[in-house]
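# Chain and residue survey
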Amino acid sequence: SGMEGLRTTLRFNDKSLRMKRTGKNGPQSELYFEEGRRFMSTYDTPDGYMGIEVLTTAVRNLVDKEAGKGRLDVEYDVSLDGMAEGRNRITIDLM
C-alpha cells in the first residue's frame, strides 16, 4: 500500500475494481470503481476523515485468469471534499 502497517486488498472483475485499505489503528478506506459510475466515500487520513468522490471513466481488465498475469487499468476523476479535483489512473501489473 505504500503506507506502513496498512494492507491493500483488491477485488476486481471485467467491469469493476474495489480497493480496500485496512490497518490496525491506521487510516482505513474503501474505493469502488465501475465505468460510468460515481462513488462517494470517506477517506481516513492521519489528519482525520475527508470526503472523497470518484467518477470512473474507464476500467480495462487485461488479466489472464488462467495464468494469473496481466494488467488492470482504471481511469477516474476524483474530488476531495470539493476542495481538490483531479484526473487519475491506476495501473496494476500482475506478474
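Residues numbered from 1 in each chain as written. Predicted model: local features only at pLDDT ≥ 70, side-chain atom pairs only at ≥ 80, totals over all residues. Heavy atoms only, no water.

### Quick notes on the packing of aromatic side chains
What counts is decided by this rule: Only Phe, Tyr and Trp rings are paired, with Trp represented by its six-membered ring, and only when their centres lie within 6.5 Å; those with planes under 30 degrees apart are stacked, over 60 edge-to-face, the remainder tilted. Secondary structure follows DSSP: runs of H or I at least 4 residues long count as helices, runs of E at least 2 residues long count as strands, and numbering of each begins at the N terminus. Think of it in three bands: residues with accessible area under 20% of the maximum for their type are buried, residues over 50% are exposed, and the middle band is partly exposed, with areas taken using a 1.4 Å probe on protein chains only.
Evaluation of the coordinates by the stated rule reveals 2 aromatic pairs. Each ring, one from Phe33 and one from Tyr76, has its centre 4.7 Å from the other, and the planes form 50 degrees; the classification is tilted. Pair noted here: Phe33 is in strand 3 (residues 29–34) and Tyr76 is in strand 6 (residues 69–80), with a separation of 43 residues, a long-range link. Given the relative accessible area of 11%, Tyr76 is considered buried.

### Comments concerning the nonpolar core
Note the following rule: To define a nonpolar core, start from buried Ala, Val, Leu, Ile, Met, Phe, Trp, Tyr and Cys residues and group those joined through side-chain atoms within 4.5 Å. Residues are treated as being in contact if the distance between any of their heavy atoms lies within 4.5 Å.
Core analysis: the biggest nonpolar cluster contains 13 residues, and Leu17, Phe33, Val54, Val74, Tyr76 and Ile90 have the highest contact counts within it. Those elements that provide at least two residues to this core are strand 2 (16–23), strand 3, strand 5 (48–64), strand 6 and strand 7 (84–94). Looking at this core, the element that brings in the most residues is strand 6, giving 4 residues. Non-local contacts of Val74, meaning those with residues more than four positions away in its chain, are made with Leu17, Phe33, Thr56, Ala58, Val59, Asn88, Arg89 and Ile90.

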